[in-house]
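Descriptive structure summary
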Amino acid sequence: MKDSALSASLLGWYDRHARSMPWRVPPAERARGVLPDPYRVWLSEVMLQQTTVAAVRDYFHRFTARWPEVAALAAAEDAEVMAEWAGLGYYARARNLLKGARAVVAEHGGRFPGTREGLLTLPGVGPYTASAVAAIAFDEAATVVDGNVERVMARLFLVETPLPAAKPELTRLAETLTPEERPGDYAQAVMDLGATICTPRKPACGICPWREPCAARAAGIQAELPRRSPKAEKPVREGTVWVCLREDGAVLLETRPAKGLLGGMLGFPGTDWDRGKTDASAPLAAGWQAAPVEVRHTFTHFHLKLAVMVAHVPPDAQPARGSFQPREAFRPADLPTVMRKAWEAAMAADPR
């Protein structure tokens, strides 16, 4: 099959089997001239980075209900956006989301740049996101390559070079299939194929629209591709957080520095989580007691073991770090996952 025939066959499959997404214009509606909202496409792509569709759906609905257009998001308070993002992980994405929205409003009159090159000028927008928004929202023939697409290309063309070294070759091969007509639908089609048919384990080759031209299937090694170089073992870091409750129920919280891990997020005072640097002072003098349960959490580059210290203090307590938030205003759901774990450990130790 020629490359154009491959693209056409996949688009035919997509017309029949496209997944329903809250940010997506279905192919039939797209054919009738309904255009995607670049804001919703951009927002979904940022949310979907290193996250599953299932995890993103509810967040997307909440964000678009609260901030239905880019100008509304640009005007939002940082703390409000970070609180809505809590639990979705990779919090630098939320900070970049705000920077990007504000740049669209301040520098582009509230309209997203309509080209890949223009989108790349926005804060936090890299090659993948720029290509995805350009293709899906503006029908530019930009090649979109995520993990699903890499897997499909490795199998279709029998690329046995391990990832990440294979990335340039897989991108080049993906470019040969990107059509000039309906590039936005094609980008979503190839990602859908990887997510639903050409899956990491037990690919459903029998119902794949590319089963005949697939070189890996012909060789009988489709489930083995893409190959990956061995990952280095993640280091383990240790730290401490202090969960302090005032007698009136107020909770001691602080906003983490804008840069760094969990930047700009609300949390409990704590150490910087580097091994050998766990001796930072408590935020105030109190009768601190260690929770019996140690918090364990895994970030992208390391595992964390976190000791949780708990104390109750009088109403006139003056912390050196953070500030007390009234209990009625405190929502554990606004905390990032690791801080929610710390709260749960503290409450299990002392549920007062």
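Residues numbered from 1 in each chain as written. Predicted model: local features only at pLDDT ≥ 70, side-chain atom pairs only at ≥ 80, totals over all residues. Heavy atoms only, no water.

The name given to the protein chain in an unreviewed UniProt entry is Adenine DNA glycosylase, and the organism recorded there is Cereibacter changlensis. Per its UniProt entry, the protein chain bears the Function (unreviewed entry) comment "Adenine glycosylase active on G-A mispairs. MutY also corrects error-prone DNA synthesis past GO lesions which are due to the oxidatively damaged form of guanine: 7,8-dihydro-8-oxoguanine (8-oxo-dGTP)." Under the UniProt heading Sequence similarities (unreviewed entry), the entry covering the protein chain gives this text: "Belongs to the Nth/MutY family." (UniProt positions renumbered as here; feature names shortened; annotations may be inferred.)

In this section: the domain arrangement of the protein chain. Partitioning the protein chain into domains gives domain 1 (4-219) and domain 2 (236-349). Distance from the C-alpha centre of domain 1 to the C-alpha centre of domain 2: 36 Å. In total, about 730 Å² of surface goes out of reach between domain 1 and domain 2, with carbon and sulfur atoms giving 55% of it. Counting every contact that joins domain 1 to domain 2 gives zero salt bridges. Taken together, domain 1 and domain 2 are joined by zero residue pairs in polar contact (both at pLDDT 80 or more). Looking at side-chain class alone, the side of domain 1 that touches domain 2 contains five nonpolar, one polar and one charged residues. (Domains from an automatic or database assignment. Buried area = accessible area lost by both parts, 1.4 Å probe. Salt bridge = Lys/Arg side-chain N within 4 Å of Asp/Glu carboxyl O. Polar contact = N/O pair within 3.5 Å; in protein donor to acceptor, adjacent residues only side chain to side chain. Nonpolar A, V, L, I, M, F, W, Y, C, P; charged D, E, K, R; others polar.)

Counting buried positions along strand E2 (residues 251-255) yields four of five residues, so the element is predominantly enclosed. Judged from the three bridges that link them, E2 and strand E7 (residues 323-325) form a sheet pairing that is antiparallel. Its bridge partner being in E7, Val251 is matched across the sheet by Gln325. (Buried < 20%, exposed > 50% of the residue type's maximum accessible area, 1.4 Å probe, protein only. Helix = DSSP H or I, 4+ residues; strand = E, 2+ residues; numbered from the N terminus. Pairing = 2+ DSSP bridges.)

Before going further, it helps to examine unusual backbone geometry. Residue Leu163 is joined to Pro164 through a cis peptide bond whose omega torsion reads 5°. Here Pro164 lies in the loop between helix H10 (147-156) and helix H11 (167-177). Cis geometry marks the peptide bond from Leu225 to Pro226, where omega comes out at -5°. The backbone of Arg182 sits at a positive phi, close to 55°, despite the residue not being glycine.

For the rest of this paragraph, the subject is the nonpolar core. Counting residues in each nonpolar core, the largest one holds 101 residues, and the members touching the most others are Trp42, Met153, Trp210, Phe268 and Val308. Counting contributing residues per domain, this core is built from domain 1 (4-219) and domain 2 (236-349), each supplying no fewer than three. Membership of the second largest hydrophobic core comes to 11 residues, among which are Trp288, Ala311, Ala317 and Phe324. (Core = buried A, V, L, I, M, F, W, Y, C linked by side-chain atoms within 4.5 Å.)

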